[in-house]
Amino acid sequence: RPRPARPVRQEAGASRQRVRLGRAAGGAAMDSLKEPLLARRGGKAVPSASPRSMTRLRSIGSASTTASPNTAELPVSSPESLTPREAVAEADSKGKVATTAPGRMATTVNLTGAILGAGILSLPYSFQLAGWAAGVIVLGAGLLTGYTAILIARSLERAMEVVPESERRGMPCDWPLLGYACFGEFGKKVVNAVFITDLWFTLMAFLVVNGSNMQELLPWISNAKLISFSGFLSYLLLFFPLHALSWLSVVGHLAMALAVLLVICTGIYNYSCGDMPEVSSYTWLHAPGIGQVVGIVVFCNVAHGTIPTIYRTCGCKSQFPAVSAVSFATSAGIYLITGSLGFLFFAGVAQQNMIGNIARDLSGAMLAGLGALPRIASFGFVIKLQLIFPIYASPIVCVTEASLGFSESTSLMTKALWRAFVVACTTFTAVLLRDNMADCLALTGSLLSMCTAIIFPTVFYFKLHRAQLSYGSCAILGAIVLFGLFFQVTGTIDSLIMIFGL
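Every residue gets a number counted from 1 within its own chain, in the order that chain's sequence is written. The model is predicted, so local features are restricted to residues of pLDDT at least 70 and side-chain atom pairs to those at 80 or more, both for listing and for counting; the totals for chains, interfaces and linings are taken over all residues. Excluded from the side-chain calculations are hydrogens and water; all other atoms, namely the structure's heavy atoms, are used.

Comment: elements are numbered from the N terminus, with helices defined as DSSP H or I runs of at least four residues and strands as E runs of at least two. A tally of helices and strands in the protein chain yields 18 helices and zero strands. The 502 residues of the protein chain split such that 49% are buried. What makes two residues a contact is simply this: any of their non-hydrogen atoms within 4.5 Å. A separation threshold of at least 6 residues defines the contact pool for the protein chain, and within that pool the share at least 24 residues apart is 79%. Only the protein chains shown count as cover for residues, and all accessible areas are computed by the Shrake-Rupley method using a 1.4 Å probe. Carbon together with sulfur atoms contributes 66% to the accessible area of the protein chain, which is approximately 23600 Å² in total. Any residue under 20% of the maximum accessible area for its type is buried, any over 50% is exposed, and the rest in between are partly exposed; the area is computed with a 1.4 Å probe on protein chains only.

Here it is in structure tokens:
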């Protein structure tokens, strides 16, 4: 028989008390909720919820409306409108919340999509630079960047403990919080500076890649003019709302899959015609190219700028290590297949942009009747890179405008002129580097992506957890940092030598 209901005043007092405690112990409250309300799993019936349990549920739901989104992932539905069975379905026994928060599969797809990017176009050329040893670099980089992604998630949890919400002054649970938790305001400023510079270099590299792809569509126009035109379109897109552009990212993934498929099909066709590279054109290891290849591969795997957001909003935090392992392993497998098969079929004539090898034989001549294939692949990449430019450029614009004292009262003309200056500088640099697409990717990956993907996650994790680390763990983390610093220096030097022809 159900217990008699509490008096209204007593129940209201208990509810208000739990509201006050919910802000400080959202996670603990969620655990206590799941004890009396277990979902149907393994054929077991759902126990009925007592009035005490429903009071607890209401108090937690009330607390969730005022708690920070960084403290706990709680249901967004109104608790008063839920039946006991519906409330049970909101939470499962593994800590995932059945709300709009992505589950394990959705988080894996999101992270994998964030990893795979335009850098894949230069992977066959990377194998040409370093030989078959580039395959080892691809697998090793995938393993290492997947591990550092897990370190970021663990560091975020610790940073939220070190810096209480009352001390964050509106600072989101993101990279600046990690820098602040480890090294105070100095660390926050360094993190912001590195990320803004990384975004600018990435934009410059995207313009170079986009110019190369646009030339496949319009070969009678020079690369410099196409990059300039792409920069002008990018400037206009800065005034469009971002949410109207972000959904088109699926175009880039389809274009990427199509480009890889067409490169492989072209190689198979050439092989069937007896057109294969000489055995002497394959090398196992070419040491002078390793620095650049590491930079390109790290650039391909860098999704670490988005990991705090993905981790904070996902509903499977306890399973994030497995999510990271699957996402980076999948991406490494795709990169390995693309680079190795492209090198196998084209070897020494692999282009910096692999679309340049589509529907062409080893001499570079277009295969009869297949001239439209590279244009189709290029079109998808052009749309993708053109539309994501404002997504990457918006943080740069916001930070620089804030540093110049811009506000809502600043005239639109002043903002437009400043944005034009930022885009013009980026476009001018891209025009100068238009013939060094792979070198731009290697420079960005070595100089900046190495910080965000390797050095920063390891240093922050060591700083926040050093009291709990064993000597062996400290040695491993130190080796990772030394690895990152070594290839940051060597890769940057090699890329600059190739760019300036020294």
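On we go from here.
With that settled, the discussion passes to the confidence of the model for the protein chain. When pLDDT is averaged along the protein chain, the result is 78, and 77% of the positions lie at 70 or above. Every residue in residues 5-12 is under pLDDT 50, and counting partners more than four places away or in other chains gives five contacts. Per-residue confidence from the predictor is reported as pLDDT, a score between 0 and 100. Note on residues 18-99: pLDDT under 50 across the span, and 94 contacts to partners over four residues away in sequence or across chains.

On to the packing of aromatic side chains, then. Geometry of an aromatic ring pair is reported as the spacing of the ring centres plus the angle between the planes. What counts as a ring pair is set by centres within 6.5 Å for rings of Phe, Tyr and Trp (its six-membered ring), and what kind of pair is set by the plane angle: stacked under 30 degrees, edge-to-face over 60, tilted for all other angles. One pass over the full model with this rule turns up 15 aromatic pairs. Aromatic side chains Trp132 and Tyr282 sit 6.0 Å apart centroid to centroid with 25° between the ring planes, which places their arrangement in the stacked category. With Trp132 in the loop between α6 (123-130) and α7 (133-162) and Tyr282 in the loop between α11 (249-272) and α12 (290-301), this pair connects stretches of sequence that are 150 residues apart. Residue Trp132 is classed as partly exposed on the basis of its relative accessible area, which comes to 25%. Its guanidinium or amino end placed over the ring of Tyr311, Lys317 lies 5.6 Å from that ring's centre, counting from NZ or CZ. Charge-over-ring contacts are defined here by two conditions on Lys NZ or Arg CZ: a distance within 6 Å of the ring centre and an angle within 35 degrees of the ring normal.

Our next topic: the environment of Phe389. Among the structural elements, Phe389 can be located in helix α15 (residues 372-403). On the basis of relative accessible area, Phe389 is assigned to the buried category, the value being 2%.

Spanning twelve residues, α12 covers 16 Å between terminal C-alpha atoms, matching the ideal 16 Å at 1.5 Å per step. For α12, the tally of buried residues reaches eleven of twelve residues, placing the bulk of the element in the interior. Among the residues making up α12, those that are buried are Gly291, Gln292, Val293, Val294, Gly295, Ile296, Val297, Val298, Phe299, Cys300 and Asn301. Helix span is expected to be 1.5 Å times the residue number reduced by one.

On to the nonpolar core. Joining through side-chain atoms within 4.5 Å is the link that ties buried Ala, Val, Leu, Ile, Met, Phe, Trp, Tyr and Cys residues into a set, and such a set is a nonpolar core. Counting residues in each nonpolar core, the largest one holds 112 residues, and the members touching the most others are Leu111, Trp175, Leu178, Tyr335 and Phe456. Of the residues forming this core, the biggest block, 18 residues, is contributed by helix α8 (residues 175-217). Those residues within four positions of Trp175 in sequence are excluded, and the remaining contacts are Ile152, Val191, Phe195, His304, Gly305, Pro308, Thr452, Phe456, Pro457 and Phe460.

With that settled, the discussion passes to the pattern of salt bridges. By salt bridge we mean one thing: a side-chain nitrogen of Lys or Arg within 4 Å of a carboxyl oxygen of Asp or Glu. In total, this model carries three salt bridges according to the counting rule given. A salt bridge links Glu216 to Arg360; its shortest N-O distance comes to 3.7 Å. Residue Glu216 is located in helix α8, and its partner Arg360 is located in the loop between α14 (320-346) and α15; the two are separated by 144 residues in the primary sequence. For the pair formed by Glu216 and Arg360, the shared burial category is buried.

Right, let's get into α8. Since the α-helix advances by 3.6 residues per turn, residues separated by three or four positions end up pointing in the same direction. Taking 1.5 Å per residue, 43 residues should reach 63 Å; α8 reaches only 39 Å between its end C-alpha atoms and comes up short. The sharpest bend along α8 reaches about 145° and sits at Phe183. Take the seven residues that end at a residue and the seven that start at it, fit an axis to each, and the angle between those axes is the bend at that residue.

Helix axes are fitted only over the stretch in contact, all axes being lines through C-alpha atoms; the angle between N-to-C directions runs from 0 to 180 degrees. Where helix α9 (residues 223-237) contacts α15, the axes come no closer than 9 Å and their chain directions differ by 50°. Considering their axes alone, α9 and α15 lie oblique with respect to each other. Taken as a pair, α9 and α15 cross one another with a handedness that is right-handed. Of the residues in α15, those in contact with Ser230, Leu233, Ser234 and Leu237 of α9 are Gln386, Leu387, Phe389 and Pro390. Split by residue class, the contact of α9 with α15 holds five nonpolar, three polar and no charged. Note on terminology: angles under 35 degrees are roughly parallel, angles over 145 are roughly antiparallel, angles of 65 to 115 are roughly perpendicular, and the others are oblique. Crossing handedness follows the turn of the near helix against the far one: under a right angle anticlockwise gives a left-handed crossing, and clockwise gives a right-handed one. Gly falls in the polar group here, along with every residue not listed as nonpolar (Ala, Val, Leu, Ile, Met, Phe, Trp, Tyr, Cys, Pro) or charged (Asp, Glu, Lys, Arg).

Glancing now at a nonpolar patch on the surface. On the surface, Phe229, Phe232 and Leu236 cluster together into a nonpolar patch covering about 290 Å² of accessible area. Mapped onto the fold, Phe229 is located in helix α9. A patch consists of residues whose relative accessible area exceeds 30% and which take part in no salt bridge; residues with like charges are grouped when within 9 Å of each other, and nonpolar side chains (Val, Leu, Ile, Met, Phe, Trp, Tyr) when within 5 Å.

What follows concerns unusual backbone geometry. Residue Ala347 is not a glycine yet carries a positive backbone phi of 45°. Judged by its relative accessible area of 0%, Ala347 falls in the buried class. Even without glycine at this site, Ala359 takes up a positive phi of about 60°. Mapped onto the elements, Ala359 comes out in the loop between α14 and α15.

This brings us to the packing of α6 against α7. The N-to-C vectors of α6 and α7 enclose an angle of 125°; their axes lie 7 Å apart at closest approach. In terms of orientation, α6 lies oblique with respect to α7. Here Ser126, Phe127 and Ala130 of α6 lie close against α7, whose contacting residues are Ala133, Ala134, Gly135 and Val138. Residue composition of the contact of α6 with α7, grouped by class: five nonpolar, two polar and no charged.

As a further point, take the environment of Glu161. Assignment of secondary structure puts Glu161 in helix α7. Expressed as a C-alpha distance, the spacing of Glu161 and Ala181, which sit 20 residues apart in the sequence, is 9.3 Å.

Before going further, it helps to examine the environment of Ala332. Residue position: Ala332 is located in helix α14. Spatially, the C-alpha atom of Ala332 lies 9.3 Å from that of Cys300, the residues being 32 residues apart in sequence.

Further remarks concern the state of the cysteines. Note on disulfides: each one is a pair of cysteine sulfur atoms within 2.5 Å. Per the stated rule, a full pass over the model turns up zero disulfides. No disulfide involves Cys314; its sulfur sits 4.2 Å from that of Cys316, the nearest cysteine.

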